[in-house]
Amino acid sequence: MEPIIGGLGPGGMSANDPAGQAAPARPNGAAPAAPAILDSSEQTFMTDVIEASAQVPVIVDFWAPWCGPCKTLGPLLEKAVTAARGKVRLVKINVDENQGLAAQLRIQSIPTVYAFHDGRPVDAFQGALPESQIAEFVKKLSGLSAPGQAMAEVLEQAQAALADERWMDAQEGFAQVLQQEPENGAAIAGLVRTLLGAGSGEQAQALLDSLEDSLRKVPEVESAAQAVALASQAAAKAGRIPELEHRLAQNPVDHQARHDLAEALYGAGRNQEAIDHLLMIIKANRDWNEQAARQLLLKIFDALGASHDLTLAGRRRLSTILFS
């Protein structure tokens, strides 16, 4: 290490290092969760490497477009880091574009690879190594990562993908967490909701049926199971939409028809219309049928998720009706 790293101060940077200055703020405020592989620079080195290494080990690959061995090493590093499933990150630094940082870290030849953990360099090598040695290098670093911490980040990213209805990304994220933590209730519930949202209700139910009783009783899983049950019931009524709309046209105060229509619309994926009809019932008679409209509305909110735009807007409208 010392022949390569020599001259670094506390935290892996010297006191007068320009890369040690605070990184510029990211767009829209706080930085998003870092990807497993990214390009960085002098300006963002502190954020992307030093600070990020407090969460998981960060491998830094110093390379250049004209460097032949770099073209061999880079893909092998990316392959090994991807296989580590969030336990290690890879940051790539083009030395032609970041000569000051390369000079500070005394990069004398490329490729040169550093590994940082908790803000400090912990390992390094120069030159293009065989794939087996790269895999061993990454595996060793993976052991420094806190699995729970890494998986918590993957779970957060999957939940964000679910909220944005990016079904494939969400499914991959939840599955990755469950590979490491098979009894993670939040990941199980997230995967169930993802399958449901993607139109795979039968798969969602099959997943629930495969669970041990103890996991079915986890609150998040119970909530996801209720969403699956509601979707199944509503889908069975989706074919009645024309009939129910006709009944309402004949009698606009037929609350039962409006309630059933709302459920059918939800089953057909017409969520906004379903919410509108239920709010109309509550506004006209909030206690109708032992508050059946409000109960169904809350089930729909729960099925959509607390952060869904329709849930947030619907809850505001509900509060306005109830407290007006």
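Up top is the structure these notes are about.
Reading the values: the criteria
- Residues numbered from 1 in each chain as written.
- Predicted model: local features only at pLDDT ≥ 70, side-chain atom pairs only at ≥ 80, totals over all residues.
- Heavy atoms only, no water.
- Helix = DSSP H or I, 4+ residues; strand = E, 2+ residues; numbered from the N terminus.
- Buried < 20%, exposed > 50% of the residue type's maximum accessible area, 1.4 Å probe, protein only.
- Contact = heavy atoms within 4.5 Å.
- Areas by Shrake-Rupley, 256 points an atom, 1.4 Å probe, with all protein chains shown as cover.
- Pairing = 2+ DSSP bridges.
- Axes fitted to C-alpha atoms, helices over the stretch in contact; angles between N-to-C directions.
- Parallel < 35°, antiparallel > 145°, perpendicular 65-115°, else oblique.
- Left-handed = near helix turned anticlockwise from the far one by under 90°.
- Nonpolar A, V, L, I, M, F, W, Y, C, P; charged D, E, K, R; others polar.
- Salt bridge = Lys/Arg side-chain N within 4 Å of Asp/Glu carboxyl O.
- Phe/Tyr/Trp six-rings, centres within 6.5 Å; stacked < 30°, edge-to-face > 60°.
- Core = buried A, V, L, I, M, F, W, Y, C linked by side-chain atoms within 4.5 Å.

1. As for the overall build of the protein
Along the protein, the regular secondary structure elements total 16 helices and five strands. Burial status across the protein gives 45% buried among its 324 residues. Taking as baseline every contact in the protein between residues at least 6 positions apart, the subset at least 24 positions apart corresponds to 64%. Split by element, the accessible area of the protein, about 16500 Å² in all, is 51% carbon and sulfur.

2. Points about unusual backbone geometry
Residue isoleucine 110 is joined to proline 111 through a cis peptide bond whose omega torsion reads 0°. Tracing the sequence through the fold places proline 111 in the loop between helix H4 (99–104) and strand S4 (112–117). Positive phi is not limited to glycine here, since arginine 106 has a value of about 60°. For arginine 106, the location among the structural elements is in the loop between H4 and S4. When its relative accessible area of 47% is taken as the criterion, arginine 106 is described as partly exposed. Of note, glutamine 291 is a non-glycine position whose phi angle comes to about 60°, a positive value.

3. Some remarks on the pairing of S4
Among the six residues in S4, six count as buried, and that is most of the element. What you see with S4 is no split at all: Thr112, Tyr114 and Phe116 on one side and Val113, Ala115 and His117 on the other are buried throughout. For strand S2 (residues 58–63) and S4, the ladder comprises five bridges, and the chain directions are antiparallel. Paired with phenylalanine 62 across the bridge in S4 is threonine 112. Between S4 and the antiparallel strand that follows it, strand S5 (residues 120–126), lie two residues; aspartate 118 among them carries a positive phi value of about 55°.

4. Things to note about the packing of helix H3 (residues 68–83) against helix H5 (residues 131–142)
Viewed as axis vectors pointing N to C, H3 and H5 meet at an angle of 45°, and their least axial separation amounts to 9 Å. With respect to each other, H3 and H5 are oriented oblique. The interaxial crossing formed by H3 with H5 has right-handed handedness. Contact with H3, carried on its side by Leu73, Leu76, Leu77, Lys79, Ala80 and Val81, involves Glu131, Ile134, Ala135 and Val138 of H5 and no other residues of that element. The residue makeup of the contact of H3 with H5, split by class, is eight nonpolar, no polar and two charged.

5. A short note on the pattern of salt bridges
Counting across every chain of the model gives 14 salt bridges. Residue aspartate 302 is joined to arginine 193 by a salt bridge in which the shortest nitrogen-to-oxygen separation is 3.7 Å. Placement of the pair is aspartate 302 in helix H15 (residues 292–304) and arginine 193 in helix H8 (residues 185–197), with a sequence separation of 109 residues. Notably, a salt bridge pairs glutamate 245 with arginine 270, separated by 3.9 Å at the nearest N-O pair. Residue glutamate 245 is located in helix H12 (residues 241–250), and its partner arginine 270 is located in the loop between helix H13 (255–267) and helix H14 (271–284); the two are separated by 25 residues in the primary sequence. Take glutamate 245: its relative accessible area is 36%, and that puts it in the partly exposed class. Put simply, Asp61, Glu78 and Lys92 are held in one network by salt bridges that share partners.

6. What about the packing of aromatic side chains?
Under the counting rule described, the total for this entry stands at four aromatic pairs. Centroid distance phenylalanine 45 to phenylalanine 116: 6.1 Å. Interplanar angle 85°. Geometry classified as edge-to-face. Pair noted here: phenylalanine 45 is in helix H2 (residues 45–51) and phenylalanine 116 is in strand S4, with a separation of 71 residues, a long-range link. On the basis of relative accessible area, phenylalanine 116 is assigned to the buried category, the value being 0%. Relative to tyrosine 114, the ring of phenylalanine 62 has its centre 5.7 Å away and its plane inclined at 70°; by these criteria the two rings are edge-to-face.

7. Thoughts on the nonpolar core
Formed by 56 residues in total, the largest nonpolar core has its most connected members in Phe174, Tyr266, Ile275, Leu278, Leu297 and Ile300. Residue contacts for tyrosine 266: discarding those within four places in its chain leaves Leu230, Ala231, Ala234, Asn271, Ala274, Ile300 and Ala303. Residues Phe62, Ile93, Leu101 and Ile110 belong to the second largest nonpolar core, which totals 23 residues.

8. Comments concerning the sheet that holds strand S3 (residues 89–94)
Reading across the sheet, the five strands line up as S1-S3-S2-S4-S5 and stay open at both edges, with mixed pairing between neighbours. Whereas interior strands pair on both sides, the edge strands pair on one side only; in this sheet they are strand S1 (37–39) and S5. The sheet shows a mean angle of 20° between the axes of neighbouring strands, direction not considered. The pairing of S2 with S3 spans six bridges and is parallel.

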